[in-house]
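Take a look at the letters that make up each chain.
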There are 2 protein chains.
Amino acid sequence: MNSTTNAFLSETNAVNKEAAIDPLPASSKVYVTGSRVDLRVPMREIRLSDTQTDEGPRANPPVYVYDTSGPYTDPEASIDLRAGLAPLRAPWIEERSDTHELSQFSSEYTRRRQRDPRLDSMRFAHGRKPRVAREGANVTQMHYARRGIITPEMEFIAIRENAKRAEMMAQDAELASQHPGQSFGASIPEEITPEFVRDEVARGRAIIPNNINHPESEPMIIGRNFLVKINGNIGNSAVTSSIEEEVSKLTWAIRWGGDTIMDLSTGKDIHETREWLIRNSPVPVGTVPIYQALEKVDGTAEDLTWEMFRDTLIEQAEQGVDYFTIHAGVRLHHVPMTAKRTTGIVSRGGSIMAKWCLAHHEESFLYTHFEEICEIMKRYDVAFSLGDGLRPGSIADANDEAQFAELETLGELTKIAWRHDVQCMIEGPGHIPMHLIKENMDRQLACCDEAPFYTLGPLTTDIAPGYDHITSGIGAAMIGWYGCAMLCYVTPKEHLGLPNRDDVKTGIMAYKIAAHAADLAKGHPGAQLRDNALSKARFEFRWEDQFNLGLDPETARAYHDETLPKDSAKVAHFCSMCGPKFCSMKISQEVREYAREQRVSEAGALDQGMAEKAAEFREQGGDLYHKV
Amino acid sequence: MNSTTNAFLSETNAVNKEAAIDPLPASSKVYVTGSRVDLRVPMREIRLSDTQTDEGPRANPPVYVYDTSGPYTDPEASIDLRAGLAPLRAPWIEERSDTHELSQFSSEYTRRRQRDPRLDSMRFAHGRKPRVAREGANVTQMHYARRGIITPEMEFIAIRENAKRAEMMAQDAELASQHPGQSFGASIPEEITPEFVRDEVARGRAIIPNNINHPESEPMIIGRNFLVKINGNIGNSAVTSSIEEEVSKLTWAIRWGGDTIMDLSTGKDIHETREWLIRNSPVPVGTVPIYQALEKVDGTAEDLTWEMFRDTLIEQAEQGVDYFTIHAGVRLHHVPMTAKRTTGIVSRGGSIMAKWCLAHHEESFLYTHFEEICEIMKRYDVAFSLGDGLRPGSIADANDEAQFAELETLGELTKIAWRHDVQCMIEGPGHIPMHLIKENMDRQLACCDEAPFYTLGPLTTDIAPGYDHITSGIGAAMIGWYGCAMLCYVTPKEHLGLPNRDDVKTGIMAYKIAAHAADLAKGHPGAQLRDNALSKARFEFRWEDQFNLGLDPETARAYHDETLPKDSAKVAHFCSMCGPKFCSMKISQEVREYAREQRVSEAGALDQGMAEKAAEFREQGGDLYHKV
């Protein structure tokens with residue numbers, strides 16, 4: 001551990017070449033400034049090359065895409081993991097003057113860790129002072145929203161979600177065309193306004209996870225009427241990984257599009273690992289506090305107590321965790337419902353709480369103390385992610401009594417959280433065959449009054465260990481289409497081992513695809529713009545543009561170069577798949593050109609008794625065909 | 001070329017270590033004998049380890065799975081690629097005595113190739129004599145079916161599709177449990193009988209692609225009331241690959257589950273490449289004859305003629321191609337409909353025919369000569385795969401006028417093929433957003449009277465070059481659920497280059513997942529058995545069984561071993577993902593055990609005013625919990 005930690009603190013690693021600080025190809029970070037100078041919303045601009053026409057080159061406007069990578073891909077920003085990121089939200093939080101800085105951390109445990117000299121080598125040096133709501137204040141975005149206040153966070157999100165789409169669509173009508181979607185009752189506006197953001201948060205249909213102690217985070221929103229988001233799980237286990245590896249997974253996950261990350265560490269030095277992650281994360285960070293609580297009692301679930309769990313919540317809230325997975329829906333009487341299951345209880349948190357309930361013959365302390373938990377959450381603006389501790393772990397257990405009984409309880413708890421103006425999303429399965437997925441979405445919307453749904457996959461079959469990013473990517477795309485707000489990724493290592501950095505990227509990629517496929521199917525305004533731009537580039541053999549508009553330019557280019565490495569191939573009107581003579585796109589362009597040139601002689605077609613067709617052909621064909 | 005070819009003919013390569021001739025882990029090839037001794041249906045038996053219980057070990061019956069790998073995974077079979085596979089269907093074909101062997105090949109082109117000494121080095125040595133129907137005979141399985149004849153091929157298929165499921169389910173009730181499916185009007189029987197196979201083929205709802213000149217093939221069926229099948233495309237291009245590589249892709253593709261392969265070669269020596277592939281393929285082989293025809297006229301579409309196309313059909317039919325993709329649905333008046341498209345015509349065959357039509361101002365010769373094509377097909381039992389030459393190549397072009405106009409034409413052509421008792425399936429898209437996929441399936445069923453649908457993906461977004469096995473795996477699973485009979489794989493190299501051996505495996509894996517997810521959702525009888533067996537193994541920490549029941553045992557094991565390589569870890573009750581203390585499955589088992597032991601003291605719960613819960617708990621919990 002120490003060796004890694006020291007290495008971690010070394011100059012080279014600290015400026016972190018591994019942190020993926022280079023911009024993606026042909027991309028620049030741009031900022032759209034809002035109503036105040038310190039409200040600068042980051043986006044990625046992708047520059048495109050010209051289209052070659054008879055009249056000479058025609059410029060293609062740049063494409064702007066939602067950017068989760070934070071300052072890491074901004075050459076202007078100086079990245080030093082030892083210093084952490086700049087606290088962009090600090091002024092907004094301070095000027096609300098409903099919070100104050102504490103002279104020391106409230107958590108007993110935190111103070112003990114701070115005093116421990118053995119941790120000096122791995123401790124994050126530039127720790128911040130914790131902030132908390134003033135006596136009696138409620139500092140959640142939901143509370144502001146319900147009082148009609150539009151916060152800078154809400155305006156930031158509105159600008160971010162629009163991603164300059166109106167502008168791009170005005171510039172290029174071709175790119176603007178899109179299929180009407182099927183959104184199953186979502187209410188997605190043409191343009192996201194700050195007021196719309198406020199209203200959605202006020203009614204609980206969306207959440208903005210941003211703890212006042214995580215001012216480094218760039219505001220983002222999770223709700224069915226916004227872009228579908230994805231989460232990447234990282235974190236160590238007792239068996240493997242180090243702080244350095246976890247930070248590197250974080251920067252890697254957001255580079256490829258992770259909207260939030262969860263630190264699911266269950267191994268060594270959970271507290272210190274989390275500090276390093278939060279201080280360096282521009283995206284919201286979620287955790288499952290019961291994991292650390294269990295670690296504190298050496299893994300003996302029976303020894304868990306409300307008091308130490310409470311201290312753990314405060315410990316993590318003052319570090320800046322943005323959302324907590326709390327398995328308060330697992331109740332004593334639910335446990336027997338899992339007895340007949342093929343795979344019992346597969347949620348770690350769920351199984352821990354089930355064990356505690358049985359051992360004490362008592363209702364879960366998470367359930368009995370739920371209102372006190374709300375009191376803590378509202379003082380830091382930590383959002384609930386109500387855990388589905390009884391989610392099915394196999395196709396056989398899908399949509400069973402235990403799963404839906406817990407969902408009912410999560411519905412009750414949502415209403416309690418909302419009474420406290422505490423933001424709340426609901427976690428979902430799991431392993432579900434395709435035809436049973438929609439019932440999950442429909443029941444969740446009904447039980448939880450449209451509180452955002454956040455599902456793990458679902459995996460649509462159990463038979464492909466090593467490929468569960470695909471078995472689950474199928475289910476994720478479908479449930480995203482049906483209305484799921486955030487998709488928790490599954491990596492190829494699921495069920496087999498702790499994901500490494502490559503697995504993290506593979507999982508993120510599969511889920512970016514699922515989320516975007518869902519946005520397209522829902523008919524999210526402008527969602528098709530990137531598809532249109534990429535397909536136009538593809539048809540025009542603008543290879544570089546095709547690579548750069550894709551989710552993973554480097555991989556696309558590498559695959560192309562495997563067979564045609566030369567630069568000349570980047571302008572060739574074919575690739576190695578079909579070769580020059582068989583490129584349909586090339587022939588298709590020749591067809592257009594040919595038809596254009598032959599326009600007059602088309603009349604000849606008349607002689608062949610195909611008057612109607614030829615006329616059609618001449619009219620439509622003639623004028624429509626353009627040489628590219 | 002020659003160097004590779006010579007290498008290819010060398011002893012080591014001929015017995016082909018690369019041909020994947022080892023059985024998969026814990027697997028053996030078993031044969032179920034039908035009503036005659038020479039009707040032996042291959043299956044893969046997966047041996048499982050025992051479940052450990054208090055009463056000692058309990059044996060788990062082996063699991064049988066559908067096996068596409070042919071003799072390659074049978075240690076009893078001697079594999080020599082130079083000799084080709086044994087002609088298992090030869091006696092069935094001969095005893096029908098409606099065919100006869102020709103002294104020489106009918107195709108001009110074939111004879112020219114045979115005479116060419118420059119091809120000696122690459123020619124397949126053990127060529128067969130071609131077979132053709134006797135004068136006036138129709139030798140299609142559809143023709144037999146409509147005359148009430150149940151062929152050995154049909155019986156073979158019935159046994160193969162059932163894959164010993166009834167037997168397995170009788171042995172183990174737990175494994176037999178399955179969710180009722182949603183099949184959107186399919187008519188899947190509990191057990192597939194030879195009579196059911198006959199009836200489905202007779203009404204055109206399923207096809208059995210097996211040319212009388214490909215007696216090496218193991219009969220299989222494609223239809224919505226059978227297991228969903230997948231196809232893997234291989235074949236060289238002018239830019240890359242050799243015969244040896246292509247044969248190696250074939251053996252690799254079927255090892256991992258390819259039900260058919262298509263040889264889409266467009267490069268050098270197409271005729272010889274195809275001969276090597278067919279002689280060594282236990283699965284049906286499909287082609288797109290227009291590719292070779294175009295190659296014969298040096299890529300000048302305008303120079304294509306019916307006569308040389310006809311000779312190409314006969315050339316390939318006498319080699320043993322089992323199904324032909326024929327783009328007869330692309331008609332002159334359709335071409336203008338593609339003018340406004342973002343990506344024009346992306347089907348190679350479609351663009352070739354469109355170019356021909358425009359160049360000649362004539363209707364496509366494939367359309368005008370369709371009846372003559374049927375006459376050829378019926379003499380060899382080659383099945384139609386009516387090509388969708390106007391399928392959309394981008395999300396923007398999905399479900400447009402051109403696509404559906406062609407589908408109408410394919411419906412007409414289906415009826416013509418059926419008048420000739422020629423088997424027929426219909427090709428489908430392409431690039432389609434999720435919410436527009438079902439319309440494709442519904443229209444195809446309506447236009448083509450339930451003739452089997454065979455789609456490429458569909459890809460649900462355009463923005464992920466390098467990951468199109470995933471963008472399309474999502475759409476493939478969904479359309480398979482809706483009723484698509486065969487899914488044509490897409491590899492990660494799609495749009496970028498010619499797939500290599502690794503890409504072939506990746507594509508096959510994504511599509512095996514999609515096909516199985518579809519079978520589960522349709523409620524195909526017994527489809528859930530493998531999921532149940534694998535999940536049970538997972539819950540019981542039978543790691544080896546979990547690996548071996550998966551689609552790719554080697555990868556699953558490798559991922560597990562990355563972090564826990566020791567053999568001891570193969571019996572450990574945790575993995576590196578969560579570590580020992582946080583394994584939910586372990587805790588869940590402890591919960592069951594705990595509850596069982598505490599059964600009596602559960603009564604204590606009563607004192608805590610939870611009578612109802614505790615009672616429930618005692619009743620259900622007590623007896624239901626079993627120590628694993």
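Reference entry: report on the structure contained in this document. A quick note: this is a predicted structure, and the numbers were derived from the prediction, not measured.

What counts and what doesn't
Residues numbered from 1 in each chain as written. Chains lettered and ligands numbered in written order. Predicted model: local features only at pLDDT ≥ 70, side-chain atom pairs only at ≥ 80, totals over all residues. Heavy atoms only, no water. Least-squares fit on C-alpha atoms with pLDDT ≥ 70 in both. Salt bridge = Lys/Arg side-chain N within 4 Å of Asp/Glu carboxyl O. Buried < 20%, exposed > 50% of the residue type's maximum accessible area, 1.4 Å probe, protein only. Pairing = 2+ DSSP bridges. Helix = DSSP H or I, 4+ residues; strand = E, 2+ residues; numbered from the N terminus. Axes fitted to C-alpha atoms, helices over the stretch in contact; angles between N-to-C directions. Core = buried A, V, L, I, M, F, W, Y, C linked by side-chain atoms within 4.5 Å. Contact = heavy atoms within 4.5 Å. Buried area = accessible area lost by both parts, 1.4 Å probe. Polar contact = N/O pair within 3.5 Å; in protein donor to acceptor, adjacent residues only side chain to side chain. Nonpolar A, V, L, I, M, F, W, Y, C, P; charged D, E, K, R; others polar.

## Points about the relation of the copies chain A and chain B
- For the pair chain A and chain B, the relating rotation is 180 degrees, the translation along its axis is 0.0 Å, and the fit reaches an RMSD of 0.0 Å. The transformation just described matches what one would write down for a two-fold rotation axis. Scanning chain A for the C-alpha nearest the rotation axis identifies Ile474(A), at a separation of 2.3 Å.

## Focus: the pattern of salt bridges
- This structure, assessed with the given rule, holds 86 salt bridges over all chains.
- Here Lys164(B) makes a salt bridge to Glu167(B), at a shortest N to O gap of 3.5 Å.
- Overall, the relative accessible area of 42% leaves Glu167(B) in the partly exposed class.
- When salt bridges that share partners are traced, they join Glu200(A), Arg205(A), Arg224(A) and Glu450(A) into one network.

## Quick notes on the sheet that holds strand S5 (residues 63–66) of chain A
Residues and elements named next belong to chain A.
- Strand order in the open sheet made by the three strands is S1-S2-S5, with antiparallel pairing throughout. Of all strands in the sheet, those with a lone pairing partner are strand S1 (27–33) and S5, marking the two edges. Between one strand and the next, the sheet's axes are offset by a mean angle of 40 degrees, whatever the strand orientation.
- Pairing of S1 with strand S2 (residues 40–46) involves seven bridges; the strand directions are antiparallel. If you follow Val30 over to S2, its bridge partner there is Met43.

## Things to note about the pairing of strand S15 (residues 424–428) of chain A
Residue and element names in this part refer to chain A.
- Across the five residues of S15, five count as buried, placing the element largely inside the fold.
- The two faces of S15 match: Cys424, Ile426 and Gly428 on one face and Met425 and Glu427 on the other face are all buried.
- Note that strand S14 (residues 383–386) and S15 share three bridges and pair parallel. What sits directly across from Leu386, in S15, is Ile426.

## Structural notes on the nonpolar core
- Judged by nonpolar contacts, the single largest core of 335 residues is most densely connected at Phe384(A) and Phe384(B).
- With near-sequence residues (within four places) excluded, Phe384(B) lies in contact with Phe324(B), Ile326(B), Phe370(B), Ile373(B), Cys374(B), Met377(B), Ala417(B), Val422(B), Gln423(B), Cys424(B) and Met425(B).

## Focus: the interface of chain A and chain B
- The interface of chain A with chain B comprises 138 residues on the first partner and 138 residues on the second.
- The contact between chain A and chain B buries some 11,500 Å² in all, and 68% of this surface belongs to carbon and sulfur atoms.
- Applying the counting rule to chain A against chain B returns two salt bridges.
- For Lys493(A), the salt bridge is made with Glu562(B), and the minimal N-O distance between the two is 2.7 Å.
- For the pair chain A and chain B, the number of links is 24 residue pairs in polar contact (both at pLDDT 80 or more).
- Considered class by class, the residues forming the side of chain A that touches chain B number 67 nonpolar, 45 polar and 26 charged.

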